[in-house]
Amino acid sequence: MPGDISLVDIMKLVGTEIGISDWIDVNQTMIDTFADATHDHQFIHVDPERAKAETSYGGTIAHGFLTLSLLSALNYSALPKIREQTMGINYGFEKIRFMSPVKCGARVRGRFNLAETRLRGANMLMLTYDVTVEIENERKPALTATWTTISQFDPKDRPEEA
């Protein structure tokens, strides 16, 4: 669904799947960079030989928080831009479940269902998504989450409450 959409029109999409992202490759360089940024160098993430020998994964796996952090990139290719938006803000998560590990070399994508919208104050629209991060050719997803973001806009663009 990428493209653009008005505040009024996005509010009408509650209860629907509004986007599926492009696939993102999760490679060892990405995993190692994330390990360096978070100081999480557990061998299951950064030591391919040891992970192959000592785990059932056949090699390294991505950090769960790396997979979660990819939601920012996944939403850019999946969700329409709200025309009136001046800034987007990550508000947080109600629920996150890590369902299946993402093996090094796998590809992931996001599915975004718009669960709720709520006008807040004169210049904000809160959007809550039920998100699934799928792993290519795997039955179980990497994670599921309930994610809330805020679309900030000029107060003059505030639609009437529905």
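So, the pattern of salt bridges
Counting across every chain of the model gives 8 salt bridges. Of the charged contacts, one joins Arg 111 and Glu 17 as a salt bridge, the two residues approaching to 2.9 Å between their closest N and O atoms. One end of the pair, Arg 111, is in strand β6 (residues 107-120); the other, Glu 17, is in strand β2 (residues 16-20), with 94 residues separating them in the sequence. For Arg 111, a relative accessible area of 23% corresponds to the partly exposed category. Relative accessible area serves as the criterion here: at 39%, Glu 17 is assigned to the partly exposed category. A salt bridge links Arg 111 to Glu 134, with the shortest nitrogen-to-oxygen separation between them at 2.6 Å. Of this pair, Arg 111 sits in strand β6 while Glu 134 is found in strand β7 (residues 124-135), placing the two residues 23 residues apart along the sequence. For Glu 134, a relative accessible area of 19% corresponds to the buried category.

Concerning the nonpolar core
Ranked by size, the top nonpolar core spans 36 residues in total, and within it Ile 10 and Phe 112 carry the most contacts. Top contributing element to this core by residue count: β7, with 6 residues.

Some words on the packing of aromatic side chains
All told, the structure shown has 3 aromatic pairs when counted by the stated rule. Centre to centre, the rings of Phe 65 and Phe 98 are 5.9 Å apart; their planes meet at 90°, and the pair counts as edge-to-face. Of this pair, Phe 65 sits in helix α5 (residues 64-69) while Phe 98 is found in strand β5 (residues 85-98), placing the two residues 33 residues apart along the sequence. Seen from the ring of Phe 43, Arg 50 lies directly overhead, with NZ or CZ sitting 3.8 Å from the centre.

A word on the environment of Ile 82
Position of Ile 82 among the secondary structure elements: in strand β4 (residues 81-82). Ile 82 gets classed as buried once you look at its relative accessible area, which sits at 4%. Taking the C-alpha atoms as reference, Ile 82 lies 9.7 Å from Gln 152; in sequence the two are 70 residues apart. If we ignore the near neighbours within four places in the chain, the residues touching Ile 82 are Ile 5, Ser 6, Leu 7, Ile 10, Leu 127 and Ser 151.

Cut-off values and rules
- Numbering of residues starts from 1 in each chain and follows the order in which that chain's sequence is written.
- Per-residue local features are limited, in this predicted model, to residues with pLDDT of at least 70; the limit for side-chain atom pairs, both in listing and counting, is 80 or more; totals at the level of whole chains, interfaces and linings are taken over all residues.
- Where side-chain values are given, they derive from all heavy atoms of the structure, hydrogens and water being excluded.
- A side-chain nitrogen of Lys or Arg and a carboxyl oxygen of Asp or Glu constitute a salt bridge if their distance falls within 4 Å.
- What counts as a helix is a DSSP run of H or I of at least four residues, what counts as a strand is a run of E of at least two, and both are numbered from the N terminus.
- Three exposure classes are used, based on accessible area relative to the maximum for each residue type with a 1.4 Å probe and protein chains only: buried under 20%, partly exposed in between, and exposed over 50%.
- We call a set of buried residues a nonpolar core when its members are Ala, Val, Leu, Ile, Met, Phe, Trp, Tyr or Cys and they connect through side-chain atoms within 4.5 Å of each other.
- Note on ring pairs: Phe, Tyr and Trp rings are taken, using the six-membered ring of Trp, and paired if centres are within 6.5 Å. Classes follow the plane angle, with under 30 degrees stacked, over 60 edge-to-face and the rest tilted.
- Two conditions define a charge located above a ring, namely a distance within 6 Å from the ring centre to NZ of Lys or CZ of Arg, and an angle within 35 degrees of the ring normal.
- We call two residues in contact when some of their heavy atoms are within 4.5 Å.

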